[in-house]
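Chain and residue survey
These are the residues of each chain, in order.
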Amino acid sequence: MTTLLRSDWEPLQQAHTLRADALLAGHLARKQRRESHPVEDFLFTYYSARPNQLRLWHPGPSLRLLDAPEYGERRGYVVIDGTAQLDPAGIERRTDSIKWIRALLGATLDRQPQFGCFGLHEWAMVYRTDAVRHEKWPLRLGAEGTDQVVESHKIGCSHFDAFRFFTDEARPLNVLQPTRESQPKLEQGGCLHANMDLYKWATKLAPFTPSALVLDCFELARDIRTLDMRASPYDLAPLGYEPVRIETAAGKAEYAAAQRTFAARARPLRERLVALCDELLD
């Protein structure tokens, strides 16, 4: 445990706020205008963390903060004689959740990444249905062309939270049938959604997660979401997103290469989250 003077920790807090504000600016401006964006707003609509929560700076379990009485009003902290630190009792109350997250992340680290799904989960979500998720944006190949892509490929989605949005007609076409219970047995580090979810686990572990790690995971999830939607069946060219045409050999190669890059970026973040869980459980 390291104890920081206010003159040491306050600049860290201020730097975090500036970084968070830069990442949140576009979303908050659109919200004020009552506009939505199918790519950039996803992290704020799909995941539960709110912008004001991301702006709060959390030092993590290894730091005590001198002269920090304001932390007495924050969930998960204790302040004694003006010195703030995470509340050990708060960690103990969440032991089961921390163990589950640690087991999932550890199993994913140990499993061989797979790079052959080509983002077909988004296509399976609109297979043989008129109830598309982004109704403002047309399907690039039309409904019939989209269905043909699904039917002409082997779908191998391993991620439950993507699979659960498949249409009823698409679910039997998946070579796997993921469930919440089987998630630790199926999650693998090549999956875009498993890597995007590192942001979810970082926020689920809050306030124990150091805020720098939360924003690192946020930035990875934001970049992955861009690829996810570029490779989707939607035509987002008017928003400046060049499609990754996964129905072609060139598009498949482009997608798999990007997938490998994201897997490499995700691995050290997953390792840091595992180390955090181990520290909390120690």
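For the structure itself, consult the block above.
So, here is what we can say about the structure in this document. (Residues numbered from 1 in each chain as written. Predicted model: local features only at pLDDT ≥ 70, side-chain atom pairs only at ≥ 80, totals over all residues. Heavy atoms only, no water.)

**Here we look at the overall build of the protein**
What counts is decided by this rule: Comment: elements are numbered from the N terminus, with helices defined as DSSP H or I runs of at least four residues and strands as E runs of at least two. Radius of gyration here is computed from C-alpha atoms only, and the compact-globule reference equals 2.2 Å multiplied by the residue count raised to the power 0.38. When a residue's accessible area, from a 1.4 Å probe over protein chains only, is under 20% of the maximum for its type it is buried; when over 50% it is exposed; and in between it is partly exposed. Residue-level accessible areas treat just the shown protein chains as cover; the underlying method is Shrake-Rupley with a 1.4 Å probe. Charge assignment in this entry is limited to Lys and Arg as positive and Asp and Glu as negative, and neither His nor the chain termini are counted. The atom standing in for a charge is NZ when the residue is Lys, CZ when it is Arg, CG when it is Asp and CD when it is Glu.
Summing up its helical and strand segments, the protein has 13 helices and four strands in all. On C-alpha atoms alone, the protein measures out to a radius of gyration of 21 Å, which is about the 19 Å that the 2.2 N^0.38 rule sets for 282 residues. Each principal axis of the C-alpha atoms in the protein carries an extent, and together these give about 70 × 45 × 30 Å. Of all 282 residues assigned to the protein, the portion counted as buried reaches 49%. With the model as given, the accessible surface of the protein reaches about 13,600 Å², and the carbon-plus-sulfur share is 51%. Counting 37 positive and 38 negative side-chain charges, the protein places the centres of these two groups 1 Å from one another.

**Some words on the environment of Glu169**
Rule in force here: In this analysis, two residues are considered to be in contact whenever any of their non-hydrogen atoms come within 4.5 Å of each other.
Position of Glu169 relative to the elements: it lies in the loop between helix H8 (160–163) and helix H9 (183–186). In this structure, the C-alpha to C-alpha distance between Glu169 and Glu135, residues 34 residues apart in sequence, is 19 Å. When residues no more than four places from it in sequence are discounted, the contact partners of Glu169 are Tyr127 and Arg128.

**Notes on the pairing of strand S3 (residues 77–80)**
We count it as follows: By the convention used here, strands pair only if DSSP detects at least 2 bridges between them.
As judged from the four bridges shared by S3 and strand S4 (residues 83–86), these two strands associate in the antiparallel manner. The residue of S4 that forms the bridge with Val78 is Gln85. Hairpin remark: S3 followed by S4, antiparallel, with two residues in the connecting loop; positive phi at Asp81, about 55°.

**Observations regarding the packing of aromatic side chains**
As a reminder, the rule being used: A pair of aromatic rings is counted whenever rings of Phe, Tyr or Trp (Trp by its six-membered ring) have centres within 6.5 Å, and the orientation is called stacked for planes under 30 degrees apart, edge-to-face for over 60 and tilted otherwise. In this analysis the charged atom, NZ for Lys or CZ for Arg, is taken to sit over a ring once it is within 6 Å of the ring centre and within 35 degrees of the ring normal.
Summed over the entire model, instances satisfying the criterion amount to 12 aromatic pairs. Aromatic pair Tyr46 and Tyr47: ring centres 4.9 Å apart, planes at 75°, arrangement edge-to-face. Among the residues examined, Tyr47 registers a relative accessible area of 3% and is labelled buried. Ring pairing ties together the aromatic residues Phe42, Phe44, Tyr46, Tyr47, Phe165, Tyr199 and Phe218, which thus form one cluster. In this arrangement the basic side chain of Arg133 is found over the ring face of Phe165, its NZ or CZ atom lying 4.6 Å from the centre. Across the ring face of Phe118, the terminal group of Lys252 is positioned such that the distance to the ring centre comes to 5.7 Å.

**Side note on the side chain of Arg270**
Filter applied, for reference: Under the rule applied, a polar contact is a pair of N or O atoms within 3.5 Å (in protein, one hydrogen donor and one hydrogen acceptor; residues adjacent in sequence only if both atoms are side-chain atoms).
Following the sequence through the fold, Arg270 ends up in helix H13 (residues 249–281). Side chain to side chain, Arg270 and Asn195 meet in a polar contact 2.7 Å long. When residues no more than four places from it in sequence are discounted, the contact partners of Arg270 are Leu105, Thr108, Leu109, Gly189, Ala194, Asn195 and Leu198.

**Quick word on the nonpolar core**
Definition in use: Buried Ala, Val, Leu, Ile, Met, Phe, Trp, Tyr and Cys residues that are joined via side-chain atoms within 4.5 Å together make up what is termed a nonpolar core.
Core analysis: the biggest nonpolar cluster contains 68 residues, and Tyr199 and Ile246 have the highest contact counts within it. If we ignore the near neighbours within four places in the chain, the residues touching Tyr199 are Leu43, Tyr47, Ala49, Leu54, Val214, Cys217, Phe218 and Ala221. Within the second largest apolar cluster, eight residues are counted, among which are Leu139, Met229, Tyr234 and Tyr241.

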